[in-house]
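Take a look at the letters that make up each chain.
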Amino acid sequence: MRVGVPDRATVSRRTALSVFAGGALTACGTTPTSLPLPAAPDPVVLPYGADPSQFGELTIPFQPSTTLVVLIHGGFWFDVYDLELGRPLAADLVVRGYPVWNLEYRRNGNGGGYPETFLDVAAGIDLLSTVENLEFQKLVVIGHSAGGQLGVWAAGRHTLPPGAPGADPKVKPSSVISQAGVLDLARAAADGVGGDSVPGLMGGYPVDHPDRYAIGDPIQLVPIGVP
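Residues numbered from 1 in each chain as written. Predicted model: local features only at pLDDT ≥ 70, side-chain atom pairs only at ≥ 80, totals over all residues. Heavy atoms only, no water.

**A short note on the packing of aromatic side chains**
Aromatic ring pairs are described here by two measures, namely the spacing of the ring centres and the angle between the planes.
Inference 1: For the structure shown, the criterion picks out three aromatic pairs.
Inference 2: A ring pair is formed by Y114 and F118, whose centres lie 5.4 Å apart and whose planes are at 65 degrees; its orientation type is edge-to-face. Here Y114 and F118 have matching classes, each one buried.
Inference 3: Here F118 and W153 contribute two aromatic rings whose centre-to-centre distance is 5.0 Å and whose plane-to-plane angle is 75 degrees, an arrangement assigned as edge-to-face. Here F118, found in helix α3 (residues 116–126), pairs with W153, found in helix α4 (residues 146–155); they are 35 residues apart in sequence, far enough to count as distant. An identical accessibility class is assigned to F118 and W153; each is buried. (Phe/Tyr/Trp six-rings, centres within 6.5 Å; stacked < 30°, edge-to-face > 60°. Buried < 20%, exposed > 50% of the residue type's maximum accessible area, 1.4 Å probe, protein only. Helix = DSSP H or I, 4+ residues; strand = E, 2+ residues; numbered from the N terminus.)

**Overview of the pattern of salt bridges**
Inference 1: With the rule as written, the count across this model stands at six salt bridges.
Inference 2: Across the pair D92 and R96 runs a salt bridge, and its minimum N-O distance is 2.9 Å.
Inference 3: Given the relative accessible area of 19%, D92 is considered buried.
Inference 4: Across the salt bridge formed by R106 and D120, the nearest N and O atoms sit 2.8 Å from each other. Of this pair, R106 sits in the loop between β4 (100–103) and α3 while D120 sits in helix α3; the two residues are 14 residues apart in sequence, bridging distant segments of the chain. With respect to burial, R106 and D120 carry one shared label: buried. (Salt bridge = Lys/Arg side-chain N within 4 Å of Asp/Glu carboxyl O.)

Structure follows, in structure tokens:
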């Protein structure tokens, strides 16, 4: 799949993910806007660092819900995939009334990996605490595939030991939705999920860096106390 040139299967998959996310948000106690859907405003690009990949697209509906959604795209953590993958879902959620923060981050091939990718996701979410006039009561993180790993990890940052990458979050998610998330990095590395994508993210296998996997592998953080 080429980024920016989706085929029919990609569009269909994105539609399914959008429907699933909308239903899951409803299950989390939020109420989407009823059809027909209004037009959506344009997103605002906000940087959270100096690197070209350290930014996000914030879109606030005309009548925003008090539930803010953070989107973290997937793509095996490779730099050939970017936040364009999250734009269809972002647009769908915005017209239903949800403010959306579509987050970009450094990835394998453009300066990402451990700990940079993790630090970027942490900083990108924490930026929301500093945005003027941005008010929300709930924060729902939605991540797909590699973004599911990062999303569940982000929801469990408060469990990390002091000094660990991403520890001491300024914003704590109310809930997290993992869409086909890679939530057991050690098993994924052993099984060769995405080729060498997991060792590429973590700088090696669990036997090489058990300390890194203890911090970055979502399954090793449970229970995180976030639904």
